Amino acid sequence: MKANNISSEFNRVLSEKIKFIQQNAQKRKSIYGEEQLKRPVSFWTKNDRLKNEIGKEFTIILRTKGCNWALGEWGGCSMCGYFLDANFEDVPATHLINQFDYAFNDKINALKQDNNNYILKIFNSGSFLDENEIPKEVRKYIYNKILKVAKIKEFVIESRIEHITSEKLEELREFFDSKYIEIAIGLETVNDYVRSNYINKGFLFKDFKDTLKRCKEYGIGVKVYLLFKPLFMNEHAAIDDCVRSIKTLIELSVNSISINPMNIQKGTLTEYLWFQNRYRPPWFYSLFKCLKKSLTQKNLINVRVLSDPSGAGTKRGIHNCLKRDCENSAKEILKSFVLSQNLSILDQKGYECTCKKKYNLQKVFY
Ligand code: SF4
Ligand SMILES: [Zn+2]
C-alpha cells in the first residue's frame, strides 16, 4: 500500500479506531480566531544539552494547519493529540511570520546578552518541511532571521520523512553553512511491526534509512524520536524494543536520539485505553534500565541521547509511585544525565522508594 510515495503497511482496524476517537475529540476542539493565529502555541527558554556543551534551548511552537498524517485518511499516530492544537484550515503566511516574530522578538535581547550558546527549536506539531503547513516564503523568512544570530549554534526542526526532499535539504544547506542543523524524525522504533500495528506511523524503517542517507549527503544532522512503551506493550517489552532501537541507530550513526516516554494526550487511542485501565505509562525504573542496557560512555561521544518527558512524574506521564520525593528524584537524575551525557549518573542512589518492589513484580504484566 502507498501513502505519500512512502511504501508502507497499515493496520486498518487500528487506523479506523484512531480516526473514530479523533473525530469525537474534534467536536470539542477550540476554533482559533485571527488574533490567536498571530500568536505561537507557546515558546520558552531553558537549560539544554548542545552538541558539545551545556547551553540553553529556545523553543517556539507554531500553530499551523496541522500534521498531514493526522488530518489524512489514516488518522495519525495512536499516541498523538497534537491535532487539537492545529487549525485544520491553512494558516496565512503573514500569521505564521507574526507567530515567529512574536516569540523571537520577546526573547532575542535576553538571548544575545546571555553567556550561554543556544539551540533553537522550531516545532509545529507536524512537519516544518510540509509546504501545506509552512510555505516556502515563511521558511525562508525564518532562516534569514536565525542565521544572523551568532549565539544560535544549532537549529532543529521536525518533519515526517515524506517532506524531507533533496530540494529542501539543499535549501537548508545554502542558508546555514556555519550552523549545525538537525531534522528530528519520529521513527518511534526500528521495529516495523510495532510501528505499523501499535503506532500507525505509516512508514517503514527502510524509508527512514533512505532519508537518513539523503540528510547525510547534505551534511544535515538527524535526530530520532523513539517512543518509549507504545500501546500494547508491557514494561519488559518496552525496554527490549527501545534497547534494540538505540543500538541499531547508533550503528547507523544518527546524530541524536531523543527518547519520548509515552504521555497520555487528549483525544487519542492511548487515552481511550488508559481510561479503561488497559495501559499504564512507563516507569522511570524502566527508562533507566533501558539507557544503561543500550549505551556505553563511548557511544555518547558520537551520539547525543536526550529525553525531556512531557508530564513526567504525573499519572499521564512517565512515573513511579507518584510520591513527590520519588518522582522528583527520578526527574532530577534524568535531567542530570541528559545535560552531562554521563552514564554513571544513572547509578546514583537517589530516593530509595518502596515502589521498586511493586515495579519488579508488575513489570511483566502491565
Ligand atoms: S506523531 Fe507526528 S506524524 Fe504522528 S500524527 Fe502526530 S504530528 Fe503527525
Ligand atoms: Zn516510589
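Calculation notes
- Residues numbered from 1 in each chain as written.
- Chains lettered and ligands numbered in written order.
- Predicted model: local features only at pLDDT ≥ 70, side-chain atom pairs only at ≥ 80, totals over all residues.
- Heavy atoms only, no water.
- Phe/Tyr/Trp six-rings, centres within 6.5 Å; stacked < 30°, edge-to-face > 60°.
- Helix = DSSP H or I, 4+ residues; strand = E, 2+ residues; numbered from the N terminus.
- Buried < 20%, exposed > 50% of the residue type's maximum accessible area, 1.4 Å probe, protein only.
- Lys NZ or Arg CZ within 6 Å of the ring centre and 35° of its normal.
- Donors = N, O, S within 2.8 Å, 3.2 Å for Na, K, Ca; no water.
- Tetrahedral: all angles 85-135°; square planar, octahedral: opposite > 155°, others 65-115°.
- Contact = heavy atoms within 4.5 Å.
- Pairing = 2+ DSSP bridges.
- Axes fitted to C-alpha atoms, helices over the stretch in contact; angles between N-to-C directions.
- Near = heavy atom within 4 Å.
- Nonpolar A, V, L, I, M, F, W, Y, C, P; charged D, E, K, R; others polar.
- Right-handed = clockwise from strand over helix to strand, strands pointing away.

Caption draft 1: Representation of the packing of aromatic side chains in the model. Following the criterion strictly, the structure yields 17 aromatic pairs and no others. Seen from their ring centres, Phe155 and Phe176 are 5.3 Å apart, and the 45° between their planes marks the pair as tilted. Here Phe155, found in strand β6 (residues 152-158), pairs with Phe176, found in the loop between α6 (166-175) and β7 (180-188); they are 21 residues apart in sequence, far enough to count as distant. Aromatic pair Phe284 and Phe288: ring centres 6.0 Å apart, planes at 35°, arrangement tilted. One end of the pair, Phe284, and the other, Phe288, are both in helix α11 (residues 284-294), four residues apart, so they sit about a helical turn from each other. Judged by its relative accessible area of 11%, Phe288 falls in the buried class. One aromatic cluster is present, formed by Phe128, Tyr143, Phe155, Phe175 and Phe176 through successive ring pairs. One Lys or Arg, Lys51, reaches over the ring of Tyr180 and ends 4.3 Å from the middle of that ring. Taking NZ or CZ as reference, Arg280 lies 4.0 Å from the ring centre of Trp283, over its face.

Caption draft 2: Broad picture of the coordination of the zinc ion (ligand 2). Coordination of the zinc ion (ligand 2) by the protein involves Cys321 (SG), Cys326 (SG), Cys353 (SG) and Cys355 (SG), with metal-donor separations of 2.2 to 2.4 Å. The site at the zinc ion (ligand 2) holds four donor atoms, and with the angles between them running 106 to 117°, its shape is tetrahedral. If you list the donors of the zinc ion (ligand 2) from N- to C-terminus, the spacing comes out as C-x4-C-x26-C-x1-C. One end of the pair, Cys321, is in the loop between β10 (304-306) and α13 (324-340); the other, Cys353, is in the loop between α13 and α14 (355-362), with 32 residues separating them in the sequence. Given a relative accessible area of 30%, Cys321 falls into the partly exposed group. On the basis of relative accessible area, Cys353 is assigned to the buried category, the value being 10%.

Caption draft 3: Region of the structure containing the environment of Leu346. Mapped onto the elements of the fold, Leu346 is located in the loop between α13 and α14. On the accessibility criterion, Leu346 (5% relative accessible area) is buried. Spatially, the C-alpha atoms of Leu346 and Leu291 are 8.4 Å apart, while their sequence positions differ by 55 residues. Apart from residues no more than four positions distant in its own chain, Leu346 is found in contact with Phe288, Leu291, Lys292, Ile333 and Phe337.

Caption draft 4: Summary view of the sheet that holds β6. In spatial order, the strands read β3-β4-β5-β6-β7-β8-β9-β10; together these eight strands make up an open sheet with mixed pairing. Each having just a single partner strand, β3 (42-49) and β10 make up the two edges of the open sheet. In this sheet, neighbouring strand axes are inclined to one another by 25° on average, regardless of whether the strands run parallel or antiparallel. Pairing of β7 with strand β8 (residues 221-228), which is carried by six bridges, proceeds in the parallel orientation.

Caption draft 5: How the structure looks around the site of ligand 1. Taken together, the neighbourhood of ligand 1 is formed by Cys67, Ala70, Gly76, Cys77, Cys80, Ser125, Arg160 and Lys201. For the shell around ligand 1, a count of residues per class yields four nonpolar, two polar and two charged.

Caption draft 6: Region of interest: the pairing of β6. With six of its seven residues buried, β6 lies for the most part within the structure. Note: strand β5 (residues 118-123) against β6, five bridges, orientation parallel. Paired with Leu120 across the bridge in β6 is Phe155. Read from β5 through helix α5 (residues 136-147) to β6, the crossover connection turns out right-handed. One ladder, built from five bridges, connects β6 with β7; its direction is parallel. Bridge pairing links Val156 to Glu182 in β7. Crossover β6 to β7 through α6 is right-handed.

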